[in-house]
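Overview (structure and organization)
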Amino acid sequence: MSHFEPVAGWLALDQAGRSLPQGLYISDEAFAFDTQVMLKSVWLFACTVAHVKKPGDFYLFEMANASVIIVRGRDGEVRAFHNSCAHRGAKICSQASGSGPRFTCPYHQWSYGLDGRLLAARNMPDGFEKGANGLKPVALENIAGMIFICLGDNPPQIGRAKAEIAEQVSLYNLDRLKVAVQEDMVHQANWKLVMENNRECYHCDANHPELNKTFVPYGFDNDMPVSDAESGYIAGQIARWKDLGIYHDLIEFPEGGWHRVSRLPMAEGTYAATLDGQPASRLPIWSVPEADSSSLSVHTQPNSWHHFFCDHAVTFSLTPLGPDRTLLRTSWLVHEDAVEDVDYDRENLTAVWRATNHQDGHLAEINHAGIATDGYSQGYYSLDEGMVEAFKDFYVSHARTALTATEGSAA
């Protein structure tokens, strides 16, 4: 019997237009499968180049039994390595982030360069080759400053997503930004429910008063303006984007459903997701000489979403901590020259998304709590939840593929 046989059974119960079977949300078996198999077969958002801004800066990405060092080398390249010494496996980095000229294992002081090469290993026998005993690399792609990693041996093709995301994100110059604030929040809910909640705004009107001050539903998951007045405003915005050279047609999960890129209008007269709708930072980050009432929205399956404004960017990523626990990490990025309390105020910068994260966490938690009861059955999606089903379909498709590959390798 396969260790993941229950998962195969639940995947077989998937139905178009309906939510997942209960076991895929709440079971220990599904959590083990997700973190050991499925999520290791796809590209995961890890951080941005602003998190490893200078040579020697490192940042840890951790999920279940995976621990990855993301580091900027002396040559400026960003690379990823497993956080395990090639000697006897000790964990090299225990801090979540830091900086240094090299990595030294605290156990036996084996030393590695920022490019992963083994530099020093004491008292090794004749024939030992330092060149064959460096840190084990992890696949990494830098997409206009957004860092994605794949923990599997055969990463899926990324070319189209890389080109289409980079074409629009490059406008925001992530290599010239810094991390102003990073916050972690743990939701008592399955990671798939946290993702599903993000992928719809069916719940927004009743639950996000702060976000609703600047948010316009057009272009999120419903391309029909809600009124004639809004229709005229949207048409004007699109014409302006074309004049500015920043208009692109919606890219919505093509070829297997990996990425979505869309320019979204904001409420008239607003420029950023702040409480008053005005820019949070005095220094613009994008390559357009004037402010604009729009944001660039990037969603990637299966673990991140991002919003880029003319003055700052916000990145969101999640990792599963348990069947009913999910880490949500939010980073607010501003221009590298922006000075706190002079050019931006961190409370103003973070207020809207901090409130929204708490609200969404509560919603995901009551969702998980209800799914865990005897009354749960696979429910129908509304017409406003197309992105939820796109995420679900991505999960089911890649879960089935990863499960087949695992069973084949075990045969």
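Described below are features of the structure shown in this document.

Rules of the game
- Along each chain, numbering runs from 1 in the same order as the chain's sequence is written.
- Confidence filtering applies because this is a predicted model: local features only for residues at pLDDT of at least 70, side-chain atom pairs given and counted only at 80 or more, and all residues used for totals across whole chains, interfaces and linings.
- In computing side-chain properties, one takes all heavy atoms of the structure into account and sets aside hydrogens as well as water.
- Any two cysteine sulfur atoms within 2.5 Å of one another count as a disulfide.
- The rule is simple: take the accessible area with a 1.4 Å probe, protein chains only, and divide by the maximum for that residue type; under 20% is buried, over 50% is exposed, in between is partly exposed.
- We call Phe, Tyr and Trp rings a pair once their centres come within 6.5 Å, taking the six-membered ring for Trp, and we label the pair stacked below 30 degrees between planes, edge-to-face above 60, and tilted otherwise.
- Put simply, a charge is over a ring when the Lys NZ or the Arg CZ is close to the ring centre, within 6 Å, and near the line of the ring normal, within 35 degrees.
- For this document, the term salt bridge refers to a Lys or Arg side-chain nitrogen within 4 Å of an Asp or Glu carboxyl oxygen.
- A run of DSSP states H or I qualifies as a helix once it reaches four residues; a run of E qualifies as a strand once it reaches two. Both are numbered from the N-terminal end.
- A pair of strands is treated as paired once DSSP finds two or more bridges between them.
- Working rule for contacts: check all heavy atoms of both residues, and any pair within 4.5 Å makes them a contact.
- Between the N-to-C directions of two axes lies an angle of 0 to 180 degrees, each axis being a line fitted to C-alpha atoms and, for a helix, fitted only over the stretch in contact.

Looking at the state of the cysteines
- Counted according to the given criterion, the structure contains one disulfide.
- Put simply, Cys-201 and Cys-204 are joined by a disulfide, and their sulfur atoms are 1.7 Å apart. Judged by the torsion about the S-S bond (-85°), the Cys-201/Cys-204 disulfide is left-handed. Judged on exposure class, the residue Cys-201 and its partner Cys-204 are both buried.
- Take Cys-105: it sits in no disulfide, and the sulfur closest to it among the cysteines is that of Cys-85, at 3.9 Å.
- Judged by relative accessible area, which is 3%, Cys-105 ranks as buried.

Details of the packing of aromatic side chains
- Summed over all chains, the structure comprises 12 aromatic pairs.
- Ring pairing ties together the aromatic residues Phe-45, Phe-148 and Trp-258, which thus form one cluster.
- When the ring centre of Tyr-380 is taken as reference, the NZ or CZ atom of Arg-18 above it lies at 4.3 Å.
- Between Lys-242 and the ring centre of Tyr-247, over which it is positioned, the NZ or CZ distance is 5.0 Å.

Things to note about the pattern of salt bridges
- Inspection of every chain in the model, using the stated rule, returns 19 salt bridges.
- Residue Arg-176 pairs with Glu-336 through a salt bridge whose shortest N-O separation is 2.4 Å. A residue pair is termed long-range when its members are at least 10 positions apart, and Arg-176 in the loop between helix H4 (159-169) and strand E11 (177-187) and Glu-336 in the loop between strand E17 (325-335) and helix H8 (346-371) qualify at 160 residues.
- Between Arg-240 and Asp-292 there is a salt bridge whose closest N-O contact spans 2.5 Å. Highlighted residues: Arg-240 in helix H7 (residues 228-244) and Asp-292 in the loop between strand E13 (259-265) and strand E14 (294-300), separated in sequence by 52 residues.
- The class of Asp-292 is buried, set by a relative accessible area of 1%.
- Connected through salt bridges with shared partners, the residues Lys-53, Arg-176 and Glu-336 form a single ionic network.

Considerations on the sheet that holds E17
- With respect to topology, seven strands assemble into an open sheet ordered E11-E17-E16-E15-E14-E13-E12, the strand pairing being antiparallel. With one partner strand each, in any of the chains shown, E11 and strand E12 (251-252) form the two edges of the open sheet.
- In this structure, E11 lies alongside E17, joined through 10 bridges in antiparallel fashion. Along E17, the bridge assignment pairs Val-181 with Trp-332.
- Contacts from helix H5 (residues 191-198) reach E11, E14, strand E15 (304-308), strand E16 (313-322) and E17, with the element oriented near 155° to E16.

Fair warning: the whole summary comes from geometry, so function is off the table for now.
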